[in-house]
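A structural walkthrough
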Amino acid sequence: MSFNDELVRRFEQMAQMLELTGANPFRVNAHARAARTIDDLTSDLGEIAGDAKALIAIPGIGKGIAEKIGEFAETGKIGEHLDLLAEVPAGLLRVLEVPGLGPKKVALLWKDLGVEDIDGLKRVIADGSILGLPRMGAKTVENLIASIAFMESSGQRLHLGIAAPIAEAIVERMESVKGVKRAAYAGSLRRGRETIGDIDVLITTGDPDGAREAFTTMPGMTEVLAKGESKSSVRLSLEGIDHARWGGDGAAAQVQVDLRIVPEASWGAALMYFSGSKEHNVRLRERAQKQGLTLNEYGLYPEDGEDEPPQKRGVKAKAGKTEEDIYAALGLAWVPPEIREDRGELDVEQTPRLIEAGDIRAELHAHTTASDGSMSLEELVAEAKARKFHTIAVTDHSKSSAQAGGLDETRLRAQRAQIEALRETTTGIEILCGCEVDILGDGSLDYDDGFLAELDVVVASPHVALSQEPKKATARLLKAIENPYVHVLGHPTGRLINRRKGLEPAMDEIIAAAVEHDVALEINAHWMRLDLRDTHVRAAVEAGAKIAIDCDDHAPGDFDNLVYGVLTGRRGWLTPELCVNTWTKAKLHKWLRSKHG
DNA sequence: CCGCTCCGGCGGCTAAGGCAGAAGCCTTA
C-alpha cells in the first residue's frame with residue numbers, strides 16, 4: 001500500500017472512531033476530510049511529510065493533521081490512532097455501516113450492551129435486550145434486521161455501468177406514470193462517479209399519490225423503507241442482472257432507490273441538492289450565507305433569521321426553477337454535475353468546455369477473435385463505422401497474454417495482411433493495424449522495438465504483476481512510456497473496481513513522463529476499469545498530457561461503455577483538445593506517424 | 001480540527017422521515 005493510502009485508511013478509521021467516542025463533530029469531520037483530500041492527491045505525501053508548512057498549504061490539512069502525517073512518516077504509526085484502536089472494538093466500525101444506525105445508537109449499543117461487532121448486534125436483537133435501550137422499539141429492530149440482511153447481501157457500492165441502465169429504466173417508467181411532468185436521476189450517478197451508493201430519482205407531478213404508488217410497486221421491489229409526502233425509499237432486487245462475473249462474491253444483490261416528489265418551482269433547487277456532492281452543496285450554502293441568502297432544496301431565499309424554513313412561510317424564492325438560475329443568483333456560472341466535488345470548481349473564472357461523448361471520433365483500443373474478442377475483424381470495423389468513427393485501431397493482445405490468445409509476431413503479421421486486404425474493400429473508415437502490447441513486470445515490452453515500428457498504433461498495458469510495490473510499478477511504467485514506439489499507455493493501473501487495486505505508481509511522475517515522451521494516457525471506458533481515475537485525469541490535464549478514451553472493445557456492446565469513459569474524463573476537467581480520440585483524422589494520423597521518425 | 005482573520009479565538013449547511021414517546025432525537029441525504 002502506498003504512503004498516501006496508509007494515511008487515508010488511518011484518517012478514515014480515526015474519523016469513525018472519534019465519532020463513536022463522542023468527539024467534537026468538527027474534529028471528526030476534519031479527519032474524514034483529510035482522508036478524502038489525501039485520496040485525491042496524485043503526488044506522494046511521503047516526499048513532503050517532514051515539511052509541515054507544505055502540508056498545511058494543502059486545503060483540508062491543518063496543523064493537527066500535518067503533525068500526524070509527520071508522526072506517521074517518522075515512526076510508521078500515529079499515536080492517537082493506536083489509542084483509539086485500543087479503545088474502540090474493531091468490529092464496531094462495521095456496525096456503524098448498518099443503515100439506520102448512526103454514531104449515537106452504536107455508542108449506546110456498545111456502552112450499555114457490550115456490542116462489539118455485527119454478531120454482537122445480532123445477539124442483542126435475538127435475546128431482546130436491545131429493546132431495553134432508549135429510542136429503540138420493535139419497529140426499529142425490525143428495520144435493523146432487514147438492514148443487516150441488506151448489508152450482508154450487497155456489501156459494496158454498485159458499478160456505474162450497472163446502476164446507470166437501472167436508473168434510466170426507472171426514470172422512463174416514472175415518466176410514463178399519469179400526471180408526471182418531469183423525471184430525472186440525480187445523486188452520484190448524475191455526477192458520473194465510478195461507483196454508486198444508491199439511486200436518487202426526482203419527479204414533478206400533478207398526482208403525487210399515483211406516482212408514489214407506481215414507484216413503490218415497481219417490479220423487482222423487495223422492500224418499502226419510507227413512503228412519505230415528498231420522499232419514498234425502496235430496495236430493488238438486482239436479480240437477473242448479470243454482473244456477478246464482474247463484481248465477484250461481493251456483488252450487490254439489492255440497491256436502494258429514493259424517489260423525491262418536488263414542486264415544479266423547486267425543480268432546479270432539488271436537482272442541485274440531490275445531485276450533490278454534499279461538499280459542493282455545503283460550499284454553495286456557505287456562499288449563499290455570505291450574500292445574506294439561504295439555500296435549501298426548495299430554492300434560494302433571503303436569510304431572515306427565522307427558524308421555520310422559508311418555503312413553509314410563503315417567502316418568495318430568488319431562484320429555484322432551474323439550476324442555472326440558482327448558480328446565476330449566487331454569481332456563478334452553471335457547474336456541470338461531474339465536477340461538483342469541492343475540488344475548486346467554484347473558484348475558477350470560467351468552467352472549461354468539458355469533453356462530450358459526441359466529440360469522440362476514433363477508437364484506438366479494440367480486440368477481435370484473433371485474441372480474446374468476440375468480433376471478427378469485419379464485425380469490429382462494421383461496428384466502429386456504425387458509430388461514425390473515422391478511425392478504428394485493431395489492437396489484439398501480444399504473445400505473453402497466452403490466456404487471452406495473444407498474437408506472436410508471425411500471427412500479427414498475418415493479421416496485418418488481412419487488414420490490408422480489408423482496407424481495399426472498405427470505405428468511410430480508416431483501419432489501423434496495432435497491438436495492445438504487454439508491459440512485462442520489469443517494464444520491457446512483449447515485442448521488440450523493430451517489430452513495434454511496423455505497427456500503426458501501439459497501446460502498451462500492464463496485465464500481470466499488478467500487485468508489485470509502488471516504486472517498482474513507477475519504474476516499470478516509466479520504462480514503457482520511454483519506449484519511442486508507444487502511443488498510448490493502456491489502463492495504466494490495471495485496477496478492477498471493487499475487486500483489484502492494481503498498480504499504485506507515483507502518478508505525477510507518470511504524467512510528467514507522458515508529457516515529455518508524447519504518450520497519451522488512457523481512460524479505459526469499461527465501467528469495471530475506469531483508469532485513469534478522475535483525479536489522475538485532472539492532474540494529467542493540468543500538466544497538459546494527452547488523454548485517450550478507449551473502450552477496449554471485446555464485443556459489439558462494449559462500444560456503449562464510451563459514455564462512462566467520457567464521464568470520467570469530465571470529472572477530470574478534460575477538454576476535447578487534449579483527447580486524441582476527438583481529433584480529426586489528419587491530426588490523429590499525423591500524431592501516430594510521428595512516432596516513426 | 002480547519003480556516004478566517006487578525007494572530008487568539010470563534011464559527012463552521014439544511015431538511016425530512018421515522019420512530020418513540022408524547023416534544024424531540026437520530027439518521028440520512
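Residues numbered from 1 in each chain as written. Chains lettered and ligands numbered in written order. Predicted model: local features only at pLDDT ≥ 70, side-chain atom pairs only at ≥ 80, totals over all residues. Heavy atoms only, no water.

**Examining the protein's contact with DNA strand B**
Taken together, 50 residues lie near DNA strand B, and G60, G100, R135, G137 and R285 sit nearest. Backbone atoms, meaning sugar plus phosphate, form 74% of the atoms of DNA strand B positioned within 4 Å of the protein. G64 is positioned with one of its backbone polar atoms (N or O) 3.0 Å from a phosphate oxygen of DNA strand B. One of the side-chain N or O atoms of D198 is found 3.2 Å from a phosphate oxygen in DNA strand B. (Near = heavy atom within 4 Å. Polar contact = N/O pair within 3.5 Å; in protein donor to acceptor, adjacent residues only side chain to side chain.)

**What about the sheet that holds strand β11 (residues 391-397)?**
Here we have seven strands laid out as an open sheet, ordered β10-β11-β12-β13-β14-β15-β16, and parallel in their pairing. Pairing within the sheet leaves two strands with one partner each, and these edge strands are β10 (362-363) and β16 (547-550). Bridging between strand β12 (residues 430-439) and strand β13 (residues 457-462) involves six bridges; their strand directions are parallel. Bridge pairing links V437 to A460 in β13. (Pairing = 2+ DSSP bridges. Helix = DSSP H or I, 4+ residues; strand = E, 2+ residues; numbered from the N terminus.)

**Here we look at helix α2 (residues 25-40)**
For α2, spanning 16 residues, the distance from its first C-alpha to its last is 23 Å, which sits close to the expected 22 Å at 1.5 Å a residue. Inspection of α2 places V28, H31, A34, A35, T37, I38 and D40 among the buried residues, and these make up the whole buried set. Each element contacted by the buried residues of α2 is listed here: α1 (3-20), α4 (63-75) and α22 (534-543). N-cap assignment for α2: the residue whose side-chain oxygen lies 2.8 Å from the backbone N of F26 is N24. (Expected span 1.5 Å × (residues − 1). Buried < 20%, exposed > 50% of the residue type's maximum accessible area, 1.4 Å probe, protein only. Contact = heavy atoms within 4.5 Å.)

**Quick look at the layout of surface pockets**
Computed from the structure, the second largest pocket encloses a volume of approximately 630 Å³. Around the second largest pocket sit 21 residues that line it, and D40, P59, D342, R343 and G344 are the ones nearest its centre. Elements represented by at least two residues in the lining of the second largest pocket include exactly α2, α15 (278-290) and α22. Its residues assigned to classes, the lining of the second largest pocket comprises five nonpolar, five polar and eleven charged. (1 Å grid on protein atoms, 1.4 Å probe; cavity = no way out; pocket = protein on both sides within 12 Å on 5 of 7 lines; lining within 4 Å. Points joined across faces, edges and corners; volume = space filled by probe spheres on them. Nonpolar A, V, L, I, M, F, W, Y, C, P; charged D, E, K, R; others polar.)

**Re the domain arrangement of chain A**
Per the domain assignment, the segments making up chain A are domain 1 (3-88), domain 2 (92-154), domain 3 (158-261), domain 4 (269-339) and domain 5 (357-594). Computed from C-alpha coordinates alone, the two centres of domain 3 and domain 4 are separated by 25 Å. In this complex, domain 3 contributes ten residues to the contact, which on the side of domain 4 involves eleven residues. For the pair domain 3 and domain 4, the summed buried surface comes to about 920 Å²; carbon and sulfur atoms form 56% of the total. Its largest share of buried area at the contact with domain 4, domain 3 owes to R190, R191 and L202, together 65% of the area lost on that side. (Domains from an automatic or database assignment. Buried area = accessible area lost by both parts, 1.4 Å probe.)

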